[in-house]
Amino acid sequence: MKKQILFLLIVYISFPFTVAKAQQNVWYTTILKDKYFDKSGNPLTGKGVVVGDVDSGIDIFSPFFFFADGGEFDWIDVNNDGEFTPGIDAVDFNKNGKADPDEILNFIKMKNNTYFLKLEKTNFVADLDFLYLDKNHNGIRDFGEKDGFTENDPTYGEQLFIVKDDNHNGKLDKGEKIIALKTSKVRAVREKDGTIRRRGIDLIKTEPDTIRHGTSVSGIVLGGHSGFERMCGIAPDAELVMANINYDYTPRFVRNFPDLVKFLRDEKINILLFEDGEWMWEFMDGSTEEEQISDQMARDGITVIGGGGNLASGNMHMKDNIKGGTPVAYNFSSPAEAEGKKNDGVFVSFLWKAPKNKISFSIVTPEGLTTKELSSGNSFFNLGKFNIYYSRDVSSKGTVMFKFSFSKKDSSAVDGNWKVNVKPEKDVAIDGFLVDVTQSWSGSTHWTDKSKISEDMTVTFPSTSDSILAIGAYVVNFPWLKDEKAGMLCNYSGRGYNIDGKMGIDICAPGHSTFTVGTDDSYVIFSGTSSAAPHVVGTVALLLQYDPTLTHAQIKNILHATATSDSYTSTLPNTNWGWGKLDMEGAIKYLTTK
C-alpha cells in the first residue's frame, strides 16, 4: 500500500530505542510454537491454498518465493578445511561425486534493513542467507532475462539452495544436505497496465515491486520455507496470485478495483486480500461494485480479508452533529510541500445519511474569498488563484457524498488555511474526510479543530464492505510512541462503526513492529494494518489446508470465537478491537480438535 510505506518512513525517524535494547525479546510473529498436521498427516503449511492479493506487486526473484522442490544434494568441501568456503566449495549437482567447474557454490548475504535485529553482517548464516550455483564464478548471483535466463530456468537465474541445518548451528557442516529451490510460488501477476504474466509462460518478465509493499505482505503470508529460515511466512507452501495496483494522482486513487477483483476471482483463489485503504471520495458503506463483487465472492466460499487502514491518528477525519438551520464552520490547513513533493492538490468529502436533508456548503480560500452556497449538482470553477471542483452524489444505500477538489491555476502548491461553511436543513450527523496528493496516512493536510477530529469511523474502503474480515493492528516488539507499550492497540489502527452501523473491525493482529522479507534480498521491519491483515490470511490458509470446505462465514466465526482478550482489549467485542486479538494456534486447535 503506497500510503502505508510513506507512513512508515515518517515514524522511523522518531524511534526512541537503540538497536541493542530493541534486540531483546524479539517475537517473530509468523512462527508457530507447535507443529500441526492436516487430516492426511501432512504438516500445516498452506499447501493447496491460493491467495489473491490486491497490492503493489512482488519481487519475483526473491529466494523467499520459490518452492524447495528442486531435489536434495550433497556439497563438497573442495579445500578440505572442514567448513563451507564460498566460491571454492561445490554442490554435487550431477551426483558424480566430484566438484565440477559449473558446480561452485556462493551465497547471497541478505541485507539487514530491520533497523533493530542483530544479524551476521558478512559470513554465511544457514537460517538467514541463501546459497546459489555460481556458474560463471563472478561472485554475484545472476538472474532474469537481463542475464540471459528464461522462464524455463529454475529460480529464474543461477539456481538457489537452502541448507538442511540438522544440528541448528547456523552453519553448513560436513554431511548436511542442501535443497534446491525451483518453482515460483507465484501463479500469476496482473501488472498495472493489465498485462497478465503466468508461471511457466512469462512470469520472469513481471514488473518490479517499486513501492516494496506487496513483497513484504507476501513474505508474511507465504515467504520462505518452513523449518529452514529464522523468518518465514505463516503458510509457506501456499501459492499467490497478485493484482498490482496503479495509483492515480487524484481520487479515486485506485480506479480499477473491479478489474483487479474480477481477475483474482477468475483465477480461482481461495482467499482474497485487500492491501489498500481509501477514504477520499468513497461512500464507505459497502455500495461500490468492487465491494459487492467481494461480498458475492464471500458468499461463494472465498474468504475475503482487508486491512482496516491506518487513518485513526492522521487528523483527516472529523465528525459532528449539526442542528438544522444552524451554520457551522470547519477549518483545515494544507502545507506547500509534504513528504518530498509539491502539494498541488487537496481533496475533501463529506458523508451523511438521509438524502432528502439538503446541506449547503461554501468554501473560504486562503485568500479570504468565499464561494456561493453549493448544495447540488457538480461544477468546476475558478475563484481567485484557485480551481475548485465539487459534486453531490448519493449511493445505492442512501449515503450522500459532497466532494471537493482544490488546486491552483498555475499548478503551484495548495497551501494555507481553508474554511468550509456547512448549513443543513435538518439535524444531521456528518463525517468529513481530507487528503492531499501525498495520499499519506500521516495527515499532511489536516483538520485543525481538535474537538471535532474523531477516530470513530476510520475503517477505510474497501474494508467497509458488508462481508469482509476487517483487521486492526496492535503493537508488538518495539513501540513507536513515548507512552506506547507492546500489546496496545496501534494509535493509527482504524476503528469505530462504519457509516451503515456495522462494527468496523473484526479482529486485530500484529501491527508494528513485525519482520518480513523485502525487495532486493533484504529483511525489513514492516508495520500497520498492512502487516496485521496478512497474519490473518496466513492463518486462514492453514485452516483451509486442514478443511478446504470451510466457508467465509465459518472462518469468520472461528476467528471471532478464538480471538483473545487481555487488559488492553477490555470487554469484547468492541469498536477498537472487534472480537479481540488473533490467536493463530487457537484457531487451528479449535478446528483440529472439535
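Before reading further, recall that the structure is shown in the block above.
Below or above, wherever it landed, is the structure these notes cover. Residue numbering note: each chain is counted from 1, following its sequence as written. Given that the model is predicted, a residue must reach a pLDDT of at least 70 before its local features are reported, and side-chain atom pairs must reach 80 or more before they are shown or counted; all residues, however, enter totals for whole chains, interfaces and linings. Hydrogens and water are ignored here; the side-chain numbers use all heavy atoms of the structure.

A few points about the pairing of strand β23 (residues 400–408)
Residue exposure (1.4 Å probe, protein chains only): buried if accessible area is under 20% of the type maximum, exposed if over 50%, otherwise partly exposed. Where helices and strands are cited, they refer to DSSP runs of H or I of at least four residues and of E of at least two residues respectively, numbered from the N terminus. A large share of β23 lies buried, amounting to eight of its nine residues. Bridging between strand β19 (residues 346–352) and β23 involves seven bridges; their strand directions are antiparallel. Bridging across to β23, W352 finds its partner in V400. Strand pairing follows a simple DSSP-based rule, namely that at least 2 bridges must link the two strands. In the sheet, strand β22 (residues 386–394) pairs with β23 via nine bridges, with the strands oriented antiparallel. Paired with V394 across the two strands is V400, which belongs to β23. Joining the antiparallel neighbours β22 and β23 is a turn of five residues, in which G398 adopts a positive phi near 85 degrees.

Examining helix α5 (residues 289–299)
Since the α-helix advances by 3.6 residues per turn, residues separated by three or four positions end up pointing in the same direction. Taken as a whole, α5 has its buried residues at E290, E291, I293, S294, D295, M297 and A298. Buried residues along α5 sit against α4 (257–266), β13 (271–274), β14 (303–307) and α7 (552–562). Two residues form a contact once any of their heavy atoms are found within 4.5 Å.

Description of the pattern of salt bridges
Only one rule defines a salt bridge in this text: a Lys or Arg side-chain nitrogen within 4 Å of an Asp or Glu carboxyl oxygen. Counted under the stated rule, the structure contains 27 salt bridges. Between D129 and K109 there is a salt bridge, with the nearest N and O atoms lying 2.7 Å from each other. With D129 in the loop between β6 (111–113) and β7 (130–133) and K109 in the loop between β5 (105–108) and β6, the pair connects residues that are 20 residues apart, well separated along the chain. The salt bridge partner of E191 is R197, with a shortest N-O separation of 3.4 Å. Just as E191 is buried, R197 falls in that class too. Within the structure, one salt-bridge network assembled from shared partners comprises R187, R199 and E239.

Some words on the side chain of S334
Structurally, S334 is set in strand β16 (residues 328–334). For S334, a relative accessible area of 4% translates into the label buried. Here S334 is in contact with N343, V346, V414, D415, G416 and T445, once residues within four sequence places are set aside.

Concerning helix α6 (residues 529–546)
Spanning 18 residues, α6 covers 26 Å between terminal C-alpha atoms, matching the ideal 26 Å at 1.5 Å per step. Burial within α6 is extensive, with 18 of its 18 residues counted as buried. Here the expected span of a helix is defined as 1.5 Å times the quantity of residues minus one.

What to know about unusual backbone geometry
Backbone torsion omega between P251 and R252 reads -15 degrees, so that peptide bond is classified as cis. For R252, the location among the structural elements is in the loop between β12 (239–244) and α4. Cis geometry marks the peptide bond from L572 to P573, where omega comes out at -5 degrees. Residue K268 is not a glycine yet carries a positive backbone phi of 65 degrees.

Any link to function would need more than the numbers given here.
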